[in-house]
Amino acid sequence: MKNDSPVVDDKFSLRDELDLSGAEWKSLPGATPGAPATVEYAFVTHGDVTSVTPVTYVLLRQHTSDGPTVLVFTPSEWDAFLLGARDGEFDRPE
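Residues numbered from 1 in each chain as written. Predicted model: local features only at pLDDT ≥ 70, side-chain atom pairs only at ≥ 80, totals over all residues. Heavy atoms only, no water.

**Student:** Help me out: how do you make sense of the nonpolar core in this one?
**Tutor:** Ranked by size, the top nonpolar core spans nine residues in total: Leu14, Leu18, Ala23, Trp25, Ala42, Val44, Tyr57, Leu59 and Val72. At the level of elements, strand S2 (39-46) and strand S3 (55-62) are the ones that each hand at least two residues to this core. Not counting residues within four places of it along the chain, the set of residues in contact with Ala42 comprises Ala23, Glu24, Trp25, Tyr57, Val58 and Leu59. (Core = buried A, V, L, I, M, F, W, Y, C linked by side-chain atoms within 4.5 Å. Buried < 20%, exposed > 50% of the residue type's maximum accessible area, 1.4 Å probe, protein only. Helix = DSSP H or I, 4+ residues; strand = E, 2+ residues; numbered from the N terminus. Contact = heavy atoms within 4.5 Å.)

**Student:** Quick question: what am I supposed to make of the packing of aromatic side chains here?
**Tutor:** The geometry of an aromatic ring pair comes down to the distance between the two centres and the angle between the two planes. In this structure the tally under the stated criterion is four aromatic pairs. Aromatic pair Tyr41 and Phe43: ring centres 6.0 Å apart, planes at 75°, arrangement edge-to-face. An aromatic cluster is built from Phe73, Trp78, Phe81 and Phe90, whose rings are joined through pairwise contacts. (Phe/Tyr/Trp six-rings, centres within 6.5 Å; stacked < 30°, edge-to-face > 60°.)

**Student:** Help me understand the pairing of S3, please; the structure alone is not making it clear to me.
**Tutor:** On a regular strand, each side chain points to the face opposite its neighbour's, so the side chains alternate between the two faces of the sheet. Bridging between S2 and S3 involves eight bridges; their strand directions are antiparallel. The residue of S3 that forms the bridge with Ala42 is Leu59. Across five bridges, S3 lies against strand S4 (residues 69-73) in antiparallel orientation. Considered in S4, the bridge of Arg61 is made with Val70. (Pairing = 2+ DSSP bridges.)

**Student:** Looking at this model, I keep getting lost on the pattern of salt bridges. Mind explaining?
**Tutor:** Any two side chains of opposite charge can pair if their charged atoms end up close together. The full count for this structure, using the stated rule, is one salt bridge. A salt bridge links Glu40 to Arg61, with the shortest nitrogen-to-oxygen separation between them at 2.6 Å. Separated by 21 residues along the polypeptide, Glu40 in strand S2 and Arg61 in strand S3 bring together distant segments of the chain. The exposure classification of Glu40 matches that of Arg61, with both residues buried. (Salt bridge = Lys/Arg side-chain N within 4 Å of Asp/Glu carboxyl O.)

**Student:** Sorry if this is basic, but what is going on with the environment of Thr45 here?
**Tutor:** Among the secondary structure elements, Thr45 is positioned in strand S2. The sequence separation of Thr45 and Val58 amounts to 13 residues, and the corresponding C-alpha distance is 8.9 Å. Within the structure, Thr45 has its side chain in polar contact with the side chain of Thr56 (distance 2.9 Å). (Polar contact = N/O pair within 3.5 Å; in protein donor to acceptor, adjacent residues only side chain to side chain.)

**Student:** What am I meant to see in the side chain of Arg61 here?
**Tutor:** Classification of Arg61 as buried rests on a relative accessible area of 18%. At 2.6 Å, the side chain of Arg61 and the side chain of Glu40 are in polar contact. With residues near it in sequence (within four places) discarded, Arg61 still touches Trp25, Thr38, Val39, Glu40, Pro68, Thr69 and Val70.

**Student:** Which parts of the structure should I look at to understand the confidence of the model for the chain?
**Tutor:** Low pLDDT means the predicted atomic positions in that stretch should not be read closely. Residues of the chain with pLDDT of at least 70 account for 78%, and the chain-wide mean is 78. For the chain, helix H1 (residues 14-17) is the element with the lowest average pLDDT, namely 72, and helix H2 (residues 75-86) is the one with the highest, namely 92. (pLDDT = per-residue confidence, 0-100.)

Quick look at the structure:
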């Protein structure tokens, strides 16, 4: 299947470069860490020799029977999400 979307996943190669071994995964208060359907988050700093300043990415994962899938968000993507959440953009319709 061909993807004609103009959107480019600029983090595609980054996923393999991030060192998740030192990530401190946290659950929301009251959640059971590692339990199925538990969403966890972590902050991972990444930089290379071409970077002037390392970047801290936000990671989300949810445990499933196939193992956790890790989503990677840039600082600007995460800030936009938080602003939308605080503004009620993701509230359920009444």
